Protein chains: 2
Amino acid sequence: MDAWTALTERIDELDGIAGISSIIGWDEQTYMPPAAAETRGKQSALLSKLLHERSTAPEVGEWLAALSTQDLAEIPRAAVRRARRNYQRSTLLPSRLVGELAIARSEGFNAWVKAKGSNDFATFEAPLQRIIDLNREMASLLLPLQGPGAHPYDALLEEYDPGSTVKDLRPMFERLGKELNLLLDAVGGRPHPKGTVPPLDIEGQRKLSDRVLVDLGFDLNAGRMDLAAHPFTTDLGVGDVRLTTRLQVEDFMSTLGSTVHECGHGLYEQGLPKHLAGTGLNRAAGMGIHESQSRLWENFIGRSLPFFRYLQPRMAGIWPSLSLTPTDLYGAANRIERSLIRVAADEATYNLHIIARFELELGIFEGKLDAKDLPEAWDDAYRRIVGVVSPTARDGVLQDVHWSSGLFGYFPSYTIGNLYAASLGATLTTAIPDLWERVEHGDFAPILAWLREKIHSHGFTEDAPKIFAAAVGDRDPVKDLMDHLWSRQGVLYGVSR
Amino acid sequence: MDAWTALTERIDELDGIAGISSIIGWDEQTYMPPAAAETRGKQSALLSKLLHERSTAPEVGEWLAALSTQDLAEIPRAAVRRARRNYQRSTLLPSRLVGELAIARSEGFNAWVKAKGSNDFATFEAPLQRIIDLNREMASLLLPLQGPGAHPYDALLEEYDPGSTVKDLRPMFERLGKELNLLLDAVGGRPHPKGTVPPLDIEGQRKLSDRVLVDLGFDLNAGRMDLAAHPFTTDLGVGDVRLTTRLQVEDFMSTLGSTVHECGHGLYEQGLPKHLAGTGLNRAAGMGIHESQSRLWENFIGRSLPFFRYLQPRMAGIWPSLSLTPTDLYGAANRIERSLIRVAADEATYNLHIIARFELELGIFEGKLDAKDLPEAWDDAYRRIVGVVSPTARDGVLQDVHWSSGLFGYFPSYTIGNLYAASLGATLTTAIPDLWERVEHGDFAPILAWLREKIHSHGFTEDAPKIFAAAVGDRDPVKDLMDHLWSRQGVLYGVSR
């Protein structure tokens, strides 16, 4: 068997194991009975072990070496580049470190749950420091793969968002932080737009969610939607994309946002290039571009006035006694206000939460901050960047699960997604001149077709920044996001720059 | 690491992979979207490959060899015996044969679907012959493991029902066939017992099924029930037993039977000895004993008059306008009549369907019957044994999926289960003197406790016939089953021996 065939067969097998991991992970968060938790953890670890063994096996190195001397076409060349990076990554990390990280994450998560429950950072400090130390070690081992002049944090960004660098992100995030604060200062103290959605029954919300999903173009023959406490989207293999959403009687806008957001992720997964199976290029090009798809649908489309003109008659069909106009719904969906909790934050403030975390994570990986410094540094960053300070650790430095699970370098993806989404949205309004008329009539097909062509179909053939640049041309995402917010929330609150 | 530790760690790992296989198989039959079928097949095959590789690895042979010289306690000795049998089995079957069987089963299944659809055995003949040839080869390779004097079919029985032999089954089945025919002759032509259940809504049937499940003792903290076209029960790992049932508006008795039947399987799985994890003994002792648990609950308990006295008020709570007495329900649940289709057959006739298949399978593995002979042999066996002949191949030789999937030696389990269940039932009435009073009051705990002690907790520490004999003593299962049927259906139809 030649090296290329052998490599693609192995990648196909690794994709198979990853898909199986996703199936058991999906089940864990949807249907698994409580008593199965421990065993499921072991089953999951077993698959990780198999995945690691088969991706770092010496023969993989031999195939890659053989392929490095061959003159390859574009797709195989890209595939070999990705495979080499994965192989190097896996072989650079000693199994001692991988094992210690797994234990530290598990212990860290448990310590975080307890610390948050008792609103006491102190018991989380040592486990967090352990996770930080191991992540620093990992970052320094992986740094050589980032090329000369890279920032230590770049090695972590590469784990979630290949192609993103501190050099690019830092100035963008700084500018965005300032601009967002101007907007929030301007609307601060002004009355919220009118429009309040009363509690709505679960059955109706489920019905509407299903309807919206299909209207947006999600293929239920090749996927499905279930319920989960923390909504997520996962790809279980070709023809099987699983969305989850959360239905909240008291908070219809949150249900709607969750469904449309996850649908955006799902549409991306369903649009990935299936014909590239076995190359490793048939997958998402990172978390930021993934998030751009969910945020584009959730915010740019799903919180627009034309969208509520489409939705309102469907809501009236389910809840005949509901007397809300599209404008009421639009108002209810677009309130903004500085707030303490990231996951509950509005479209504008959300990014300030991320920018604060980005600054803290840079501090950690530049060696300026340790676990013991984080409570104070957190409050300081929140004061300067978000403009609010939590009176408790629970809603402050302990609010997110990410660090306890060893996820450093992940947070920026959310705002990268929002920035990409803003430029994609701005480009869409030019590419589809009657965009908002289409949305109002529930005709989302041209949007999906454009995203399929410009984003989804590229899979992982390029790093996300390149795919994005090719899709939108020479745009300024910070300006696009701010223009979007001023023209929407700015107008709703009656303020202008 | 000593051989015992190494072996138990490997068994634990193999159990992990088997559990993962069950998870993705459960999902396939409950929630998987249609477009995922091909990929799911590949994922399933990948796990089978991993399972085979790791169970036949040379080190397993070395551990077993090392352990064969050691003086082991009872549990390790039993574990090593099972592990050696599995290892010998896997290594006796060449991977060429395993691969050919997998292909023949897949092709056979597709050919069967088409042949049944077009009611034409001819197109199924060649694929079936291929499956038969490969199964004969498998049986002859495995026969030496059965010890001297074994029947070729014993090697197949061992796959599903370790400990069952042709020598034991043939006379029992022959006697049972004759006795059942006497009963069916006696009731033939007489009016059915009164009682007809009208169509009942799905939501109510679901509610009642959930209630019955909990009342019978199924632990929803360590399992759940979903819906499937072909109900089944599967163990996904410690603390995770999944039942499925089918809700039929027009056929409440079928819904009830399905739920109680699968609950019986589930209670067995939940009662297996968890502390024996890693020994391979923490599992079911075969299909026959498994079926004894489902049939005991479904038929002996679930079709009894006291059970309907328990159920009727619960039904009235859900469907207040329903005017059926416990006696009506009892009558509706216990109609018997010779019929063509195994899966729709009543409690008595069902066994005749199995006895006919057993005779045909013996003919195949004694070399007397080939695929081409089966349509005629089928009709002949049905005429003699079941007393009905199908006018079509679809409802005759093509009615079951089993042979197309290479399942030879599996059918007897169903009747073995019914026989075991009858003797267990007879023993229960002695062990729990107020059994039927308890049932009438919905107190099933003493039954479950007895089964836990006598059957479930033994897992696979012994072959099923030994576990069974220890539980019921020196009983005659054919007599017990016939006594049960005469005292129930005989009385309902007003006939006696």
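Residues numbered from 1 in each chain as written. Chains lettered and ligands numbered in written order. Predicted model: local features only at pLDDT ≥ 70, side-chain atom pairs only at ≥ 80, totals over all residues.

1. Here's the deal with the overall build of chain A
What chain A contains, in helices and strands, is 20 helices and three strands. In summary, chain A has a C-alpha radius of gyration of 23 Å against a globular reference of 23 Å for 497 residues, a match within 12%. Overall size of chain A, expressed as C-alpha extent along the three principal axes, is 65 × 50 × 50 Å. Taken across its 497 residues, chain A has 45% of its residues classed as buried. Across chain A, contacts joining residues at least 24 apart in sequence account for 72% of those joining residues at least 6 apart. (Helix = DSSP H or I, 4+ residues; strand = E, 2+ residues; numbered from the N terminus. Rg over C-alpha atoms; globule rule 2.2 N^0.38 Å. Buried ≥ 20, exposed ≤ 12 C-beta atoms within 10 Å, placed from the backbone. Contact = placed C-beta atoms within 7 Å.)

2. As for the relation of the copies chain A and chain B
At an RMSD of 0.0 Å, chain A and chain B line up after a rotation of 180° and a shift of 0.0 Å along the axis. Given the turn and translation reported, the copies of this chain are related as if by a two-fold rotation axis. The fraction of interface residues of chain A whose copies in chain B are also interface residues reaches 100%, indicating that both copies meet through the same surface. (Least-squares fit on C-alpha atoms with pLDDT ≥ 70 in both.)

3. What to know about the domain arrangement of chain A
Residues and elements named next belong to chain A. Under the domain assignment, chain A is made up of domain 1 (1-92) and domain 2 (148-497). Distance from the C-alpha centre of domain 1 to the C-alpha centre of domain 2: 29 Å. Each partner contributes to the interface: domain 1 provides 15 residues, whereas domain 2 provides 17 residues. Elements represented by at least two residues in the side of domain 1 that touches domain 2 include exactly α1 (3-30) and α4 (74-92). When residues in the side of domain 1 that touches domain 2 are grouped by element, the largest group, ten residues, is from α1. Broken down by class, the residue content of the side of domain 1 that touches domain 2 amounts to seven nonpolar, six polar and two charged. (Domains from an automatic or database assignment. Nonpolar A, V, L, I, M, F, W, Y, C, P; charged D, E, K, R; others polar.)

4. What to know about the interface of chain A and chain B
Interface extent is often summarised as the accessible area lost during association of the parts. Chain A puts 30 residues into the contact, and the matching count from chain B is 30 residues. Breaking the side of chain A that touches chain B down by element, the ones donating at least two residues are α1, α2 (37-55) and β1 (223-227) of chain A. Taken together, the residues of the side of chain A that touches chain B break down into 16 nonpolar, eight polar and six charged.

5. Observations concerning the environment of B:Ser457
Residues and elements named next belong to chain B. Within the secondary structure, serine 457 sits in the loop between α18 (445-454) and α19 (464-472). Residue serine 457 is classed as partly exposed on the basis of its 16 C-beta neighbours within 10 Å. Note: C-alpha distance between serine 457 and leucine 272 (185 residues apart in sequence) is 5.1 Å. For serine 457, the contacting residues outside a window of four places in its chain are Gly271, Pro273 and Arg452.

6. With respect to helix α15 (residues 374-386) of chain B
Residue and element names in this part refer to chain B. Buried within α15 we find Leu374, Trp378, Ala381, Tyr382, Ile385 and Val386. The arc that holds every buried residue of α15, seen down its axis, measures 100°, which confines them to one face. The exposed residues of α15 that point more than 90 degrees off its buried face are Glu376 and Arg383. The elements touched by buried residues of α15 are α8 (166-187) and α14 (349-365). Directly after α15, the chain includes glycine 387, whose backbone phi takes a positive value near 85°. (Arc of directions from axis to C-beta.)

7. Thoughts on the environment of B:Leu51
Residue and element names in this part refer to chain B. With respect to the helices and strands, leucine 51 occurs in helix α2 (residues 37-55). Its 18 C-beta neighbours within 10 Å are what place leucine 51 among the partly exposed residues. For leucine 51 and aspartate 15, which are 36 residues apart along the polypeptide, the C-alpha to C-alpha distance reads 9.1 Å. Those residues in contact with leucine 51 that sit more than four places away from it in its chain are Leu14, Ile17 and Ala18.

8. With respect to the sheet that holds strand β3 (residues 241-245) of chain A
All names here are of chain A. Across the sheet, which stays open at both edges, the three strands sit in the order β1-β3-β2 with mixed pairing between neighbours. The strands lining the two open edges of the sheet, one partner per strand, are β1 and β2 (233-235). Neighbour-to-neighbour, the strand axes of this sheet turn through a mean angle of 20°, independent of strand direction. Judged from the three bridges that link them, β2 and β3 form a sheet pairing that is antiparallel. Counterpart to aspartate 235 in the pairing with β3 is valine 241. In this fold helix α10 (residues 252-271) packs onto β1, β2 and β3, with an angle of close to 170° to the strand it touches most, β3. (Pairing = 2+ DSSP bridges. Axes fitted to C-alpha atoms, helices over the stretch in contact; angles between N-to-C directions.)

9. A few points about the sheet that holds strand β1 (residues 223-227) of chain B
Residue and element names in this part refer to chain B. Strands sit in the order β1-β3-β2 across an open sheet of three strands; the sheet is mixed. Each of the sheet's edge strands pairs with one partner strand only, and the pair in question is β1 and β2 (233-235). Neighbour-to-neighbour, the strand axes of the sheet open up by a mean angle of 20°, direction not taken into account. Packed onto the sheet, helix α1 (residues 3-30) meets β1, β2 and β3 (241-245) and runs at close to 155° relative to β2.

10. Observations regarding unusual backbone geometry
Most peptide bonds adopt trans geometry, and most residues besides glycine take a negative phi value. All names here are of chain A. A positive phi angle, near 55°, is found at asparagine 119, a position not held by glycine. Looking at where asparagine 119 falls in the secondary structure, it is placed in the loop between α5 (95-117) and α6 (122-142). The class of asparagine 119 is exposed, set by 12 C-beta atoms lying within 10 Å.

11. With respect to the confidence of the model for chain A
With 100% of its residues at a pLDDT of 70 or more, chain A has an overall mean of 96. Per the prediction output, this complex has pTM 0.93; the corresponding ipTM is 0.92. (pLDDT = per-residue confidence, 0-100.)

12. Focus: the packing of helix α14 (residues 349-365) of chain A against helix α16 (residues 412-431) of chain A
For any two helices packed against each other, one specifies the crossing angle of their axes together with the interaxial distance. Residue and element names in this part refer to chain A. Packing of α14 against α16 leaves a shortest axis separation of 8 Å and a crossing angle of 135°. With respect to α16, the axis of α14 lies oblique. Both α14 and α16 take part in a crossing whose hand is left-handed. Residues Asn351, Ile354, Ile355 and Phe358 of α14 form the contact with α16, whose own contacting residues are Pro412, Tyr414, Thr415 and Asn418. Classifying every residue of the contact of α14 with α16 by side-chain character gives five nonpolar, three polar and no charged. (Parallel < 35°, antiparallel > 145°, perpendicular 65-115°, else oblique. Left-handed = near helix turned anticlockwise from the far one by under 90°.)

13. Comments concerning the environment of B:Tyr330
Residues and elements named next belong to chain B. Along the chain, tyrosine 330 turns up in helix α13 (residues 326-333). It is 30 Å that separates the C-alpha atoms of tyrosine 330 and glycine 396, two residues lying 66 residues apart in sequence. Non-local contacts of tyrosine 330, meaning those with residues more than four positions away in its chain, are made with Gly195, Leu305 and Phe308.

14. Looking at the packing of α16(A) against helix α20 (residues 477-492) of chain A
Residues and elements named next belong to chain A. Viewed as axis vectors pointing N to C, α16 and α20 meet at an angle of 75°, and their least axial separation amounts to 8 Å. The angle between α16 and α20 falls in the class roughly perpendicular. Taking contact as the criterion, the partners of Asn418, Leu419, Tyr420, Ala422, Ser423, Gly425 and Ala426 in α16 are, on α20, Pro477, Val478, Asp480, Leu481 and His484. Here the residues of the contact of α16 with α20 are counted per class, giving seven nonpolar, four polar and one charged.

15. What to know about the nonpolar core
Core analysis: the largest hydrophobic core is formed by 140 residues, its most contacted members being A:Ile20, A:Cys263, A:Ile355, A:Ala356 and B:Ile20. Dropping the residues within four chain positions of it, A:Ile20 is found in contact with A:Leu47, B:Ile20, B:Ile24, B:Gln43 and B:Leu47. One finds B:Leu180, B:Trp297, B:Ala356 and B:Leu428 within the second-largest nonpolar core, a separate group that totals 116 residues. (Core = buried A, V, L, I, M, F, W, Y, C linked by C-beta atoms within 7 Å.)

16. With respect to α5(A)
Helical periodicity: at 3.6 residues per turn, an α-helix aligns residues three or four positions apart in one direction. All names here are of chain A. In this model α5 runs 33 Å from its N-terminal to its C-terminal C-alpha over 23 residues, within 8% of the 33 Å that 1.5 Å per residue would give. All of the buried residues in α5 are Ala104, Gly108, Ala111, Trp112, Ala115 and Lys116. Structurally, α5 contributes buried residues whose contacts are with α6. Asparagine 119, located one to two residues past α5, shows a positive phi value of around 55°. (Expected span 1.5 Å × (residues − 1).)

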